[in-house]
Amino acid sequence: MSASAPVDRVLERIAQGDDVAAACSVEGVACQHDVRVDAHYDGKPVCTVTLPWVVDGHALLFADQTIAASVAEERLASLAAALAMPVCVIRRTAAA
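The structure contained in this document is the topic of the report that follows. Remember, it's a predicted structure, so these values are computed and weren't measured experimentally. (Residues numbered from 1 in each chain as written. Predicted model: local features only at pLDDT ≥ 70, side-chain atom pairs only at ≥ 80, totals over all residues. Heavy atoms only, no water.)

Here's the deal with the pairing of strand 1 (residues 31–41)
Bridge count for strand 1 against strand 2 (residues 44–55) is 10 bridges, and the pairing is antiparallel. Directly across from Ala39, in strand 2, lies its bridge partner Cys47. Between strand 1 and strand 2, which follow one another and run antiparallel, lie two residues, and Asp42 among them has a positive phi close to 55°. (Pairing = 2+ DSSP bridges. Helix = DSSP H or I, 4+ residues; strand = E, 2+ residues; numbered from the N terminus.)

Okay, structure coming up:
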């Protein structure tokens, strides 16, 4: 899923509930919040998307249980295909 062990550790920390910026800081990994990128279709930019986080060049997306898993997976796969960067999906349970 990711390109390096530090990114894997960051993703693991986030999945366990750590704050994204804090997890990146602990592992020494660069991150950016609210990053605007172009989404592409058929090799051409079609719209601008704001990603919640980009961690060491990887788009970080979150999936939770607020919508059906099949719908969430389809949406995430579609977005991942439209981005010109690797995509990492963090699965979280909905907050109680």
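Once you've had a look at it, read on.
Structural notes on helix 2 (residues 20–27)
Among all positions in helix 2, only Val20, Ala23, Cys24 and Glu27 are buried. The buried residues of helix 2 occupy one face: seen down the axis, they fall within an arc of 100°. The outward face of helix 2, more than 90 degrees from its buried face, is lined by the exposed residues Ser25 and Val26. If you follow the buried residues of helix 2, they end up packed against helix 1 (5–15), strand 1, strand 2 and strand 3 (58–63). (Buried < 20%, exposed > 50% of the residue type's maximum accessible area, 1.4 Å probe, protein only. Arc of directions from axis to C-beta. Contact = heavy atoms within 4.5 Å.)

A short note on unusual backbone geometry
Of note, the phi angle at Asp34 is positive, near 50°, even though the residue is not glycine. Relative to the helices and strands, Asp34 resides in strand 1. In this structure, Asp42 is a non-glycine residue whose phi angle is positive, near 55°. Following the sequence through the fold, Asp42 ends up in the loop between strand 1 and strand 2.

With respect to the side chain of His58
Here His58 lies in strand 3. Since its relative accessible area comes to 5%, His58 is described here as buried. At a separation of 3.0 Å, a polar atom in the side chain of His58 contacts the main-chain carbonyl oxygen of Asp56. (Polar contact = N/O pair within 3.5 Å; in protein donor to acceptor, adjacent residues only side chain to side chain.)

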